[in-house]
Amino acid sequence: MCGIIGFTGAKPVKNILINGLEQLEYRGYDSAGIAVLTDTGINIRKRTGKVAQLREAAMDLTEEAFCGIGHTRWATHGGVTDTNAHPHKCGKVVLIHNGIIENYRELISDYGLKNKLVSETDTEVVAALLDTLYTGDPIKAIRKAVDRMIGSFALCIMFEDHPGEIYAVRNVSPMVAATFDDNSIIASDITAIIPYTKDYFVVPEYHILTIGKGSIKVEDMNGNEVKPEILTVNWDISSAQKGGYPYFMLKEIYEQPDALDRTIRPRVKDGLPFLLEDGISDSLFDKIKRINVIACGTAMHAGMVGKYVFETKLRIPVNVEIASEFRYKDPIVDSETLTIVLSQSGETIDTLEALRLAKRKGSPVLSIVNVKGSTIARESDYVLYTHAGPEIAVASTKAYTVQIAAMYLLACRYGLVKGIMSEDDAKEFITKLENVRGLIEETLKNANRIKMVANRIMIAPDVFYIGRGIDYTLSLEASLKLKEISYIHSEAYAAGELKHGTIALISENVPVIAIATEENVHAKLISNVKEVKSRGAYVVLVSHDEPLNDSSICDMQIRLPEADSTFSVFATAVVLQLIAYYTSDAKGLDVDKPRNLAKSVTVE
C-alpha cells in the first residue's frame, strides 16, 4: 500500500524521486523519504507528513546524484514517525519496502538483529538481515534473505559499495519497471513512470532485478535470465493530473461518461455484446450453473449490482463474497461455478488469495480489472479490462461504474448464449447500456443542487441511506463513500428493515437519503420515507418522480433522468458520489487522501 520509486541513469535523481512520490502519494501519505547515492556515500532525508514536507527537507541535497530510491508510506508496522519512515539503512544496505514481513520476530531472533534496529518497522529488519548476509555479492545476499522471509514485499535496495545500481525483488506487492535513453526506473505503478516512457514491464514475482544506467537485468532465483513482456500504456500523463479540477475525485466523477464509452463500445458488434477479442468465448458459459463474485469494498458493491442483474434478468444464482472472508469459510466452489473477481488495481491481496483458492477448487476465474498486466489479471483464466484510465483519488468512482458496466456486458452475453435473452432483447439491453453516457451527462448538470444537500448534511453526526432492491445496493456504496472521505458516521439499510429496529435511531433533523428508482417497489419505498419523515428526519429523495412539493415525503428532491432502474444506477451513482465529494470539500478535508486509507490494499 506504500509507494516506491527507484531511478538510476544520466539525469539528476533528487527531483525525479520527489516528483515520482507526488504521483504515488495516493498509495500512502503518512511519511515520505528518499536516499541518494553520492561520492560521499548514501544520503537519506525522510519526514512524516506529505511529500511537500520531504521536498523542503531535501533542499540541501546535491543535484550531483544520479542514483536513488524513494518511498511514501502508509503505516502498517510501527507508528507514524520520522524514524519509522523509509528508507531504512543498516551498514552498507539501504532499502524501501511495500508489504508486510510476517516472520520479522523470528528473523530478529535467528540472526541476532535486535541491536541493529532503531525503528519499530519490519522493513528495517530486512535491511539488517541483508547487511548480516552481505559479503560483497548483492544477488547472493538477496537470494538468502528472500528464502527466509515470509509475507508480501516489494523491495528496492541499494548497496553502498555498488554505486549506480539498484536491486529489486517482489512477492505479491506490485512493481513495474522501464528503461528510456540511458536511464532506468522502477515504481509501484506506472503513474510514476509515464512522464518518461509509455513502455514498461511488470516485475515478475520472485525474480531479482539488477537496475543499471539504461539497463535492467531480470533473473529468477536460480540465476537464469528472463526476458520480461513489454507492455504499453494507452493513456498519457495528463490522465494522471488534475486538469484544472480542485481534486482528482471530482475530475474522475466527470470522466465517467468517457470511461464507460471506452469500456462498453469496443465490446459491441452489430448491436450485441462481443467478448471474443477479450479471449472470452461462449464456451466459457456452457457448464456454468452458478456464479461467485469476489471483491472488496467498492468493487464488492459493484458486484452486488451485477448480482441483481444476473438474478433478475437471467435467473442464475449469484453469491457475492467478501474476499477477505471467502477463503476462510470452506466455500462451495466447483467446475460449474464461474468465479468473477473484481479489483481496480488487480493487486488487492485478499482478492488475489481468494482467486487462487477458487482455481484450486476447479472453478474457471474471470477477472474484471483496470490495470493491464496486474497480478490478478495474469493469474485469471479470463480477463475483462475496464478502460477507466488511472484513478488517483482513494475513493473510487469511475472504477466502480465501469465495473458495473463490465458485469452488464457479461450478463447480456451469458443470457444470449444460454438462450435466456433473444437477440432483440439483447440489442435493447445493449442500446440502453450505451445510452448511460447521456444519463450521466444530464445528471452532472444538477451538481449545484446536489451541493446544497452536502451543505445541509456536513454538520450531521449521522446519515442514513435507504433503498429497496437495486437501490439498496447503491445505498451501501453511497454510505461507504460518505464515511471514507467525510468521516461522518453513515449506515445503509434496506428500507423495509427500518421498522425492525433501525427506526429507533431516527430523530429530529437526522438526514435520510432515500433512493427510489425501482418502479415495482416505489410505493412501498415512499411509505418507508413517510415513516422517517413523520419522526423528524431531514429527507433527501433521489428519484425519477415529477417535482414533489409534499413536505410529508421529503425536504429536498434530486431528480434523475428518466430511465429503467437497471440503467439509472449509473446516474444514481453519480448523485451519491457528488454528495460525498461536496460534503468532504465543505468540511475542508483532503478529499483525495482520506485519513488512514490508501488506494491499493496489498496487505492482509
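So, a few notes on the structure that sits alongside this text. These numbers were taken from a predicted model, which means no experiment stands behind them. (Residues numbered from 1 in each chain as written. Predicted model: local features only at pLDDT ≥ 70, side-chain atom pairs only at ≥ 80, totals over all residues. Heavy atoms only, no water.)

Next up on the list: the pattern of salt bridges. Tallied over the entire structure, the rule returns 37 salt bridges. Of the charged contacts in the structure, one is a salt bridge between aspartate 590 and lysine 50, with a shortest N-O distance of 3.1 Å. Here lysine 50 lies in the loop between strand 3 (41-48) and helix 2 (51-57) and aspartate 590 lies in the segment after helix 18 (565-586), a separation of 540 residues in the sequence. Here lysine 359 makes a salt bridge to aspartate 381, at a shortest N to O gap of 3.8 Å. Linking lysine 359 in helix 10 (residues 349-360) with aspartate 381 in the loop between helix 11 (375-379) and strand 21 (382-385), this pair joins segments that are 22 residues apart in sequence. Residue lysine 359 is classed as partly exposed on the basis of its relative accessible area, which comes to 34%. Overall, the relative accessible area of 39% leaves aspartate 381 in the partly exposed class. The structure contains a network of salt bridges with shared partners spanning Asp258, Asp261, Arg265, Glu434, Arg437 and Glu441. (Salt bridge = Lys/Arg side-chain N within 4 Å of Asp/Glu carboxyl O. Helix = DSSP H or I, 4+ residues; strand = E, 2+ residues; numbered from the N terminus. Buried < 20%, exposed > 50% of the residue type's maximum accessible area, 1.4 Å probe, protein only.)

Attention shifts here to the packing of aromatic side chains. Using the criterion set out here, one finds 15 aromatic pairs in the structure. Between the aromatic rings of phenylalanine 153 and tyrosine 206, the centroid separation amounts to 6.0 Å while the plane-to-plane angle is 85°, which identifies the pairing as edge-to-face. Here the residue phenylalanine 153 occupies a position in strand 7 (residues 151-159), and tyrosine 206 occupies one in the loop between strand 11 (199-202) and strand 12 (207-212), the gap between them amounting to 53 residues. Look at phenylalanine 153 and you get buried, because its relative accessible area is 0%. Here tyrosine 206 falls in the partly exposed class, since its relative accessible area comes to 33%. For the cation-ring pair, arginine 595 lies above tyrosine 487, with the distance from its terminal atom to the ring centre recorded as 3.9 Å. (Phe/Tyr/Trp six-rings, centres within 6.5 Å; stacked < 30°, edge-to-face > 60°. Lys NZ or Arg CZ within 6 Å of the ring centre and 35° of its normal.)

Here we take up the sheet that holds strand 7. Strands sit in the order 5-6-7-8-12-13 across an open sheet of 6 strands; the sheet is antiparallel. One side of each edge strand has no neighbouring strand; the edge strands of this open sheet are strand 5 (88-90) and strand 13 (215-220). Averaged over all neighbouring strand pairs, the angle between strand axes comes to 20°, with direction disregarded. Lying over the sheet, helix 5 (residues 138-148) contacts strand 7, strand 8 (166-171), strand 12 and strand 13, oriented at roughly 20° with respect to strand 8. (Pairing = 2+ DSSP bridges. Axes fitted to C-alpha atoms, helices over the stretch in contact; angles between N-to-C directions. Contact = heavy atoms within 4.5 Å.)

In this section: the pairing of strand 22 (residues 462-467). By the criterion of burial, strand 22 is predominantly enclosed, with 5 of the 6 residues buried. Sheet analysis places strand 22 next to strand 23 (residues 489-494), joined by 6 bridges and oriented parallel. Within strand 23, the residue paired with valine 463 across the bridge is serine 490.

Let us now look at empty space enclosed by the protein. Throughout the structure, instances matching the rule amount to 2 cavities of 30 Å³ or more. Looking at the largest cavity, the residues that line it are Cys2, Arg73, Trp74, Thr76, His77, His86, His97, Gly99, Thr121, Asp122 and Thr123. At the level of secondary structure, the elements contributing two or more residues to the lining of the largest cavity comprise strand 6 (93-101) and helix 4 (122-133). Within the lining of the largest cavity, the residues separate by chemical class into 2 nonpolar, 7 polar and 2 charged. The computed volume of the second largest cavity comes to approximately 40 Å³. When contributions to the lining of the second largest cavity are tallied by element, the ones reaching two or more residues are helix 16 (470-486) and helix 18. Counting residues per element, the lining of the second largest cavity draws most heavily on helix 16, at 4 residues. Residues of the lining of the second largest cavity, tallied by class, amount to 5 nonpolar, 1 polar and 2 charged. (1 Å grid on protein atoms, 1.4 Å probe; cavity = no way out; pocket = protein on both sides within 12 Å on 5 of 7 lines; lining within 4 Å. Points joined across faces, edges and corners; volume = space filled by probe spheres on them. Nonpolar A, V, L, I, M, F, W, Y, C, P; charged D, E, K, R; others polar.)

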